[in-house]
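So you can see what is in the structure, the chains are spelled out below.
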Amino acid sequence: MLDAIFYLRLVGLILSFVGFKRLVEDKLDIKPNYSCLFIFSSISCLIYFAGFIGKLWFASYLLFTIGLVLFIFYLFKQKLTFFLLIQKVNLLNISFFIALIILFFSLIPTNFIHYDNFSHWGIIVKYLLATDAMPTVATDIIDFKTYPLGSTSFIYYVSRIVGYSQGLMLFAQSLLILSSFYALFGVIRDIRRYLLISVMGLSFSLMTIFNISIRINNLLVDFLLPLLSLAIIAIIYSYRDRILKACFIVLPILSLLTIVKNSGLFFYAICIFYLLFYIFHSFSKKNIKQNIKYASIGFLTIVTSMLPYIIWNLHTKIALQGTNSKHTLSVENFKEVSSEKSQETVQLIVSKFFNAILSIDSLSTRGLLIFHIITFISYFVALFILKKHWNSLKILLLLDLIVVLYYAGNLAMFIYTMPTEEAIVLAGLERYLSSMVIFFIGIVSFNLVINIEQSLHIQQGPKRDYKAFKSIQTKRIYQNSALICTALTLSFLFSEINGMNSMNQSYADTIPGKVTAAVGDQMQLDTQNKFLVYAEDTDNQLSNFSLQYAVKYFLFSPNVDGISTFALEDKSTLDNYDYLLILDDNSVLDGLKLTSKKDLTSSKLYKIDHQQLLEIDPATLSE
């Protein structure tokens, strides 16, 4: 159970965020739709850079304090704060507030289940919280040291201020996800048009459907990457007539995108091309100085946003010299991994890849097909019924080109950077492809919203016109469409929430559920003791190391081995370990005796002393 201190710290963090939000909206003139993501991305980058100089703890509390001071300042400066907040209340803000509350109470009691939380995304945050330092070559608890620390930095910041819990880490990442999606609504000129809000809401709910292999109840970033890039595109579009302002706002978000994950560079490139398009579009034939200014600012934006990625590469070459992780982007790693694969193996990978992406059973393939159909239908409805020429087909053609390039990049990844045993089974393919499907859905959706808004018979401005529709019939169509979109949105979102709650209820039967029941969740890094785990190799939990990674996470120790068989004549093997964790009952273990002469039971941790076992309380491990 989380105590009152946890919630007090959480409230303090929220107030600190509010202080920064007031600052950027008041002094930097950033729209409310973009201010949250701008703040979160800026904090992430600042914490990230603080890690290189060993000041993670100091930077976190400094930023937290500055935010609180800003909140207090604006509270006294604007004594009618409550009334100012009331003025900003609209359907969109109310909807996001409710979604945030529902997510909070759904995620806070949630525990990690997905394998990759324990192999990297969760364990790296836990390490940062325990040491307030970046991993080094000697940090054995972290296997994937070359993975950049983009979203990890923000999760660390939230957890450092509020406190450690798996649920809070998930909620911290959901803040990045929600703020990214909130930014998409910035492309809507008239936010009081409920149909436009409901269409965007439906697009997000559909994203969760095609994100089913990832879900938001884990720290994997495959859902975050496309949302960050969509937010950047939305900001650039919204500020297309103030392109220098757009460069400033997207700078920290672009920077974050480069260091969330290496595959984020693909989405980064898309955003840069889109930014350059509007920079060149802003050029004037008569004003050469202005053109030079725009080009210089664009170039500076690109260079500055790439700095975090460049610095990380230098860090891995110097501080992590000789360390190679899966998907490491280096010529040496490409040559090493690709040389392991014979020509026949490469052909097998290529064959399986094309069979997978062309199969209608693939969720990602179905997603692309469905949104192609939606685009064609909307285009012809606009053409023949509304008598409007939408740009949907042009956007679709461009998206198809992006999909082809992204899929080609994924195929190259399986061939050149992924270990052979994983590449042959196309490990994680559906998860990787879902990122592109989410990006595809996002672009189609807000292009649809823009086209719908521009096609409305009455274009509302700051002063509302009482006659907002061409006729009673079109009003009914508008209302019914909005209601249908709302009903579908709520249905899909509640399905997602119920799915997560169902996983929470069955947590005790999962691998991490069994492990945490036996050993708890240790926070003190243990590099001295050695642990042996005995369990059956059910669903290859030992062969694929998912069990060992879960045990490493909860015991917070790099020294973990697993076995599924044990011969009594090999009892001397126990002398190589300090502790034995038994997760499955097996009669072959009856020959091992406790000093208390009890029978061994599963889901227990035992101290090994000269081939004798003594049951211990996991809480004593940190003493």
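This write-up is about the structure you can find in this document. (Residues numbered from 1 in each chain as written. Predicted model: local features only at pLDDT ≥ 70, side-chain atom pairs only at ≥ 80, totals over all residues. Heavy atoms only, no water.)

Moving on: the pairing of strand β2 (residues 560-563). Here strand β1 (residues 531-534) runs beside β2; their pairing, made up of four bridges, is parallel. Counted as the bridge partner of Leu532 is Asp561 from β2. (Pairing = 2+ DSSP bridges. Helix = DSSP H or I, 4+ residues; strand = E, 2+ residues; numbered from the N terminus.)

Looking now at helix α5 (residues 91-107). Counted at 1.5 Å a residue, the expected span for α5 with its 17 residues is 24 Å, and the 24 Å between its end C-alpha atoms agrees. For α5, every residue scored as buried is listed here: Leu92, Phe96, Leu103, Phe104, Ser106 and Leu107. Axial view of α5: buried residues confined to an arc of 165°, hence all on one face. Among the exposed residues of α5, those oriented more than 90 degrees off its buried face are Phe97 and Phe105. (Expected span 1.5 Å × (residues − 1). Buried < 20%, exposed > 50% of the residue type's maximum accessible area, 1.4 Å probe, protein only. Arc of directions from axis to C-beta.)

Our next topic: the environment of Ser481. Position of Ser481 among the secondary structure elements: in helix α20 (residues 472-505). Here Ser481 falls in the partly exposed class, since its relative accessible area comes to 26%. Separated by 283 residues in the primary sequence, Ser481 and Ser198 have C-alpha atoms spaced 8.8 Å apart. A distance of 2.7 Å separates a polar atom in the side chain of Ser481 from the backbone oxygen of Ile477. (Polar contact = N/O pair within 3.5 Å; in protein donor to acceptor, adjacent residues only side chain to side chain.)

On the basis of which strands lie adjacent, the open sheet formed by five strands has the order β2-β1-β3-β4-β5 and mixed pairing. Of all strands in the sheet, those with a lone pairing partner are β2 and β5 (612-615), marking the two edges. Along the sheet, successive strands turn relative to each other by an average axial angle of 30°, direction set aside. Pairing geometry for strand β3 (residues 579-582) and strand β4 (residues 604-609), over four bridges, is antiparallel. Looking at the pairing, Ile582 lines up with Lys604 of β4. Helix α22 (residues 546-555) rests against β1, β2 and β3 of the sheet, and its axis sits at about 140° to β2. (Axes fitted to C-alpha atoms, helices over the stretch in contact; angles between N-to-C directions. Contact = heavy atoms within 4.5 Å.)

This part is about the nonpolar core. Within the largest apolar cluster, 185 residues are counted, with the highest numbers of intra-cluster contacts made by Phe17, Tyr157, Tyr407, Phe414, Phe439 and Phe446. Considering every element that reaches this core, the biggest residue donor is helix α19 (residues 429-455), with 16 residues. Excluding residues within four positions of it along the chain, Tyr157 makes contact with Leu13, Ser16, Phe17, Ile43, Ile47, Ser60, Leu63 and Phe64. Leu532, Ile582, Tyr606 and Leu613 belong to the second largest nonpolar core, which has nine residues in total. (Core = buried A, V, L, I, M, F, W, Y, C linked by side-chain atoms within 4.5 Å.)

Just distances and angles here, no functional claims.
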